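# Working through the structure, step by step
Letter by letter, the chains look like this.
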Amino acid sequence: TSGTPIEKRLMEAIIESGRLPIPTEQHEIRGRSGELLTIPDFAYLDRKVAIYCDGFAYHGNVDTLSSDARKRNTVQSMGWAVLTFWGRQIVRDPTACERQIWQCYEFRRPAAAKAA
């Protein structure tokens, strides 16, 4: 992982559950003209699921929250599901975070796979 304790803890929960594939780390999501929009901490490219692990110390101020919201709204408009977990949330219950990721991942399964 990129090394933050909350990212490591969430990755551990994903691995421990055994039901999700290992996500891509630090995937660059770019706009139509190639400009960098955002870099989620983890992503499932095949299902367009972007996962952010946000620490309050960096993301907890008004300017950063506003910037994050704009970026994530843009990514959602491009068809991505965006999941954001606060550091405290990951530390307190990483299994619940993994469960939410699993639910989103399963929901975004291709229609043909759902019917099978």
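Located above this text is the structure these notes cover.
Now for a look at the structure at hand. Computed from a predicted structure; not experimentally measured.

Moving on, we get to the pattern of salt bridges. Within the structure shown, the criterion is met by 6 salt bridges. A salt bridge links Glu98 to Arg19; its shortest N-O distance comes to 2.9 Å. Of this pair, Glu98 sits in helix 5 (residues 94-107) while Arg19 sits in the loop between helix 1 (5-17) and strand 1 (24-25), and the two are 79 residues apart along the sequence. On the accessibility criterion, Arg19 (35% relative accessible area) is partly exposed. Asp46 is paired through a salt bridge with Arg47; the nearest N and O atoms lie 3.8 Å apart. On the accessibility criterion, Asp46 (60% relative accessible area) is exposed. In this structure Arg47 comes out as buried when scored by relative accessible area, which is 12%. One connected set of salt bridges, linked through shared partners, spans Arg9, Glu12 and Glu16.

The subject of this paragraph is the nonpolar core. In terms of nonpolar packing, the biggest core is built from 18 residues, with Leu10, Tyr44, Ile51, Phe85 and Ile101 touching the most fellow members. Mapped by element, the contributors of at least two residues to this core are helix 1, strand 4 (42-44), strand 5 (49-54), strand 6 (81-86) and helix 5. Dropping the residues within four chain positions of it, Tyr44 is found in contact with Ile14, Leu20, Pro21, Ile22, Pro23, Val49, Ile51, Trp80, Ile101 and Tyr105. With 7 residues, the next largest nonpolar core counts Ala43, Ala50, Tyr52 and Val75 among its residues.

In total, this model carries 2 aromatic pairs according to the counting rule given. Ring centres of Trp102 and Tyr105 lie 6.4 Å apart, and the angle between their planes is 25 degrees; this geometry places the pair in the stacked category. Of this pair, Trp102 and Tyr105 both sit in helix 5, separated by 3 residues, roughly a single helical turn. Trp102 sits in the partly exposed class, given a relative accessible area of 21%. You can call Tyr105 buried: its relative accessible area is 9%. Across from the ring centre of Tyr105, 3.8 Å away, lies the NZ or CZ of Arg47, which sits over that ring. Taking NZ or CZ as reference, Arg72 lies 3.7 Å from the ring centre of Tyr52, over its face.

Rules used in this analysis
Residues numbered from 1 in each chain as written. Predicted model: local features only at pLDDT ≥ 70, side-chain atom pairs only at ≥ 80, totals over all residues. Heavy atoms only, no water. Salt bridge = Lys/Arg side-chain N within 4 Å of Asp/Glu carboxyl O. Helix = DSSP H or I, 4+ residues; strand = E, 2+ residues; numbered from the N terminus. Buried < 20%, exposed > 50% of the residue type's maximum accessible area, 1.4 Å probe, protein only. Core = buried A, V, L, I, M, F, W, Y, C linked by side-chain atoms within 4.5 Å. Contact = heavy atoms within 4.5 Å. Phe/Tyr/Trp six-rings, centres within 6.5 Å; stacked < 30°, edge-to-face > 60°. Lys NZ or Arg CZ within 6 Å of the ring centre and 35° of its normal.

Keep in mind that these numbers describe shape and distance, not what the molecule does.
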